[in-house]
Amino acid sequence: MTNTLHRFGTPETLNNDFIVFAMAGKGFNDEGALDKAKTFLRTAIKYRPINMGNALVNALYRPEKDLTFIKLYFVGRQEKTTYERLIDELPSSGSAAVVFDDGGQASQFVREIKQLDLGVSINISALVDDVRGICGEVDITPHAVEYTLGFHGNTSRLPDRDTLSLSTMCGHGMVSANFAKKMIDRVKEGRMAPETAASCMAKFCVCGVFNTTRAMRVLNRIKKGE
Amino acid sequence: MNISKEKCVGCANCVPVCSVGAIYIGDDGLAEINTETCVECHNCFRGLSFEHLQPGLTRTIRRVLKKFGLRFQPDPDVCPTEAFIPDELSWPRIVRRAFSDPMVTHESTGVHGRGTEEVKTNDVSHRIKKGDVGIVVEFGRPGIGVYFREVQKATMAMAAARVTFEEGNPVAQMMADRKTGTIREDVLDEKVLSCIVEVTVPLDDTVRVLGVVKEICRRAETVISIGVSTVCDEAGNDPIREILERQGYQIGWAKVNLGLGRASNASINAAGGPR
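Residues numbered from 1 in each chain as written. Chains lettered and ligands numbered in written order. Predicted model: local features only at pLDDT ≥ 70, side-chain atom pairs only at ≥ 80, totals over all residues. Heavy atoms only, no water.

Asker: Explain the overall build of chain A here, please?
Answerer: For chain A, the count of helices and strands is ten helices and five strands. Radius of gyration (C-alpha) of chain A: 18 Å, near the 17 Å computed for a compact globule of 226 residues. Out of the 226 residues in chain A, the part that is buried amounts to 59%. Of all intrachain contacts in chain A linking residues separated by at least 6 positions in sequence, the fraction that spans at least 24 positions is 75%. Taking the average location of the 29 positive side-chain charges in chain A and that of its 26 negative ones, the two points are 6 Å from each other. (Helix = DSSP H or I, 4+ residues; strand = E, 2+ residues; numbered from the N terminus. Rg over C-alpha atoms; globule rule 2.2 N^0.38 Å. Buried < 20%, exposed > 50% of the residue type's maximum accessible area, 1.4 Å probe, protein only. Contact = heavy atoms within 4.5 Å. Lys, Arg positive; Asp, Glu negative; His and termini not counted. Charge placed at Lys NZ, Arg CZ, Asp CG, Glu CD.)

Next up, the structure:
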């Protein structure tokens with residue numbers, strides 16, 4: 001699946017968005033892949049990723065299925081789980097993804113992953129020149145590249161650019177355009193803080209590849225009327 | 001997917017959450033699902049948080065507050081009464097879920113989601129070889145959806161242009177005849193959130209095949225996302241970027257396979273190492 005390939009935005013709005021993911025090839029290196037996926041995710045923690053997941057269990061940001069009056073109004077909502085709990089819950093390797101909002105942290109993480117030599121495929125989705133920069137820093141010769149050529153066809157059916165830049169951060173389409181638009185409207189009206197709106201959207205992205213920092217940046221810009 | 005009339009209180013939180021706009025508030029003030037539009041992605045059921053309020057009491061509170069010009073409105077990601085009831089899906093409707101719910105493993109590929117592992121594991125699978133280009137055409141993305149009847153028009157046009165479909169791809173698995181690009185009759189009226197057609201072409205045929213895809217896009221009722229992949233040379237450079245830029249495509253965002261994977265399964269080692 002190309003769930004991190006078609007993020008919408010200009011290069012200026014897409015910088016500081018790095019998704020690093022590990023995947024085992026079915027029939028090639030999937031034996032023992034769960035432990036490798038867990039090692040991959042655990043290694044990421046010290047580099048402060050902003051999101052994490054693997055589509056087999058809910059991601060770092062996740063819905064709460066047992067809300068009560070007391071939780072809602074006295075204890076407070078729990079917008080995300082812990083890294084450790086998520087990692088412990090993984091039933092199989094899937095496509096383990098971590099999201100960084102800082103290229104330096106992403107680069108250091110990739111350096112350590114290279115040293116660990118897990119033997120599973122490691123990919124980075126980001127602006128291609130930034131990825132090439134990381135490859136240079138870490139001394140990696142990339143194997144393959146996949147470019148997005150963007151959206152075509154009946155594009156008149158697409159929402160406005162701001163909405164699209166939020167909704168396409170879940171490549172599976174689980175952050176619907178209508179919901180992203182609702183979050184934009186709430187932030188504009190001052191009824192919701194950008195960070196709350198960002199985590200609200202992130203809960204729908206089961207793969208954990210939604211970049212909450214980028215979402216806050218988009219929402220803050222809209223709030224300021226820019 | 002269904003919404004329980006007994007449980008729904010008509011807060012409408014689920015309406016914008018739906019990936020394809022299939023949920024609406026009916027004449028009775030309660031949420032309903034347009035089953036023709038619904039792609040069974042389970043986003044409403046899975047993504048909304050649930051509060052377990054008593055429906056009758058909640059409706060009463062909402063009615064009373066309304067009289068005073070006030071509203072009882074839960075957080076926008078909350079269904080206050082856990083009103084969703086997933087259906088037991090049967091063929092061919094189950095195809096909707098297989099292509100739309102990212103948490104479902106596609107039986108034909110063993111992979112989650114709507115495509116294959118593509119270049120993500122190419123460093124071990126070598127599915128796309130040096131000198132080849134993978135073209136990934138995703139119908140319905142972002143967020144519009146597509147019927148297989150429309151996908152078939154495209155796959156037939158691609159087949160007529162002599163492209164070879166990726167064997168392990170879920171759409172290829174749905175085809176009645178890969179030579180003509182026809183898709184099995186019983187799924188043509190099924191709508192999915194998106195589906196991916198993957199083809200591999202020689203590098204020097206890329207521009208021609210992209211021209212075919214461009215023509216498909218020109219006539220499309222839905223939106224289409226296109227991705228193009230290739231293997232890098234020993235220095236890490238790829239031959240496709242320049243070709244794409246010459247064709248007027250803006251290159252920016254990409255997915256890069258770092259080449260750190262290796263085939264390690266016992267069966268491969270027993271057979272004398274990777275291919």
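Asker: How should I be thinking about the interface of chain A and chain B in this particular structure?
Answerer: It is common to give the size of an interface as the accessible area that goes away when the parts come together. The interface of chain A with chain B comprises 85 residues on the first partner and 94 residues on the second. Linking chain A with chain B are seven salt bridges, by the criterion used here. Two residues, Arg132 of chain A and Asp238 of chain B, come together in a salt bridge whose shortest N-O distance is 3.3 Å. Where chain A meets chain B, there are 51 residue pairs in polar contact (both at pLDDT 80 or more). Of all the elements, strand β5 (residues 144-153) of chain A adds the most residues to the side of chain A that touches chain B, at ten residues. Its residues assigned to classes, the side of chain A that touches chain B comprises 40 nonpolar, 26 polar and 19 charged. Sheet analysis places β5 of chain A next to strand β16 (residues 253-257) of chain B, joined by four bridges and oriented antiparallel. Following the sheet pairing, Val145 of chain A is matched in β16 of chain B by Val256 of chain B. (Salt bridge = Lys/Arg side-chain N within 4 Å of Asp/Glu carboxyl O. Polar contact = N/O pair within 3.5 Å; in protein donor to acceptor, adjacent residues only side chain to side chain. Nonpolar A, V, L, I, M, F, W, Y, C, P; charged D, E, K, R; others polar. Pairing = 2+ DSSP bridges.)

Asker: I tried to follow the packing of helix α6 (residues 148-160) of chain B against helix α8 (residues 206-219) of chain B on my own but got confused; where do I start?
Answerer: A packed helix pair is summarised by two numbers, namely the angle formed by the two axes and the spacing between the axes. Residues and elements named next belong to chain B. Across the interface, α6 lies against α8 with an axial gap of 10 Å and an inter-helix angle of 155°. The angle between α6 and α8 places the two elements in the roughly antiparallel class. As α6 packs across α8, the resulting crossing turns out to be right-handed. Here Ala154, Ala157 and Met158 of α6 come into contact with α8, specifically with Val212, Val213 and Ile216. (Axes fitted to C-alpha atoms, helices over the stretch in contact; angles between N-to-C directions. Parallel < 35°, antiparallel > 145°, perpendicular 65-115°, else oblique. Left-handed = near helix turned anticlockwise from the far one by under 90°.)

Asker: Which parts of the structure should I look at to understand the pairing of strand β1 (residues 18-23) of chain A?
Answerer: All names here are of chain A. Summarising burial for β1: six of the six residues are buried, a large majority. Of the two faces of β1, the one lined by Phe18, Val20 and Ala22 and the one lined by Ile19, Phe21 and Met23 are each fully buried. Pairing of β1 with strand β4 (residues 121-127), which is carried by five bridges, proceeds in the antiparallel orientation. What sits directly across from Ile19, in β4, is Ser125.

Asker: Please explain the sheet that holds strand β15 (residues 223-231) of chain B as it appears in this structure.
Answerer: Two modes of strand pairing occur in sheets, parallel and antiparallel, and in both the strands are linked by backbone hydrogen bonds. Sheet architecture is open: nine strands sit in the order β2(A)-β3(A)-β1(A)-β4(A)-β16(B)-β5(A)-β15(B)-β9(B)-β14(B), paired in antiparallel fashion. Unpaired on one side and paired on the other, β2 (51-53) of chain A together with β14 (195-202) of chain B mark the two borders of the sheet. Averaged over all adjacent pairs, the angle separating strand axes in this sheet is 20°, with direction ignored.

Asker: Help me understand the confidence of the model for chain B in this model?
Answerer: It should be kept in mind that the predicted coordinates are not to be read in detail where pLDDT is low. Here chain B averages 93 in pLDDT, while 95% of its residues score no lower than 70. Listed scores for the predicted complex are pTM 0.95 and ipTM 0.96. (pLDDT = per-residue confidence, 0-100.)

Asker: Can you walk me through the packing of aromatic side chains in this structure?
Answerer: Each pair of aromatic rings is reported with the distance of its centres and the angle of its planes. All names here are of chain A. Taken as a whole and judged by the stated rule, the model has nine aromatic pairs over all chains. A centroid spacing of 6.0 Å and a plane angle of 55° characterise the contact between Tyr47 and Phe109, whose relative ring orientation is tilted. Here Tyr47 is found in the loop between α2 (33-45) and β2, whereas its partner Phe109 is found in helix α5 (residues 103-116), with 62 residues between them in sequence. Taken as a pair, Tyr47 and Phe109 share a single burial class, namely buried. (Phe/Tyr/Trp six-rings, centres within 6.5 Å; stacked < 30°, edge-to-face > 60°.)

Asker: Can you walk me through the packing of helix α9 (residues 194-202) of chain A against helix α10 (residues 212-223) of chain A in this structure?
Answerer: Residue and element names in this part refer to chain A. Between α9 and α10, the shortest axis-to-axis distance is 9 Å and the interhelical angle comes to 135°. Taken together, the axes of α9 and α10 lie oblique to each other. Read as a crossing pair, α9 and α10 show a hand that is right-handed. Contacts between α9 and α10 pair Pro194, Glu195, Ala197, Ala198, Met201 and Ala202 from the former with Thr212, Ala215, Met216, Leu219, Asn220 and Lys223 from the latter. For the contact of α9 with α10, the class distribution of residues is eight nonpolar, two polar and two charged.

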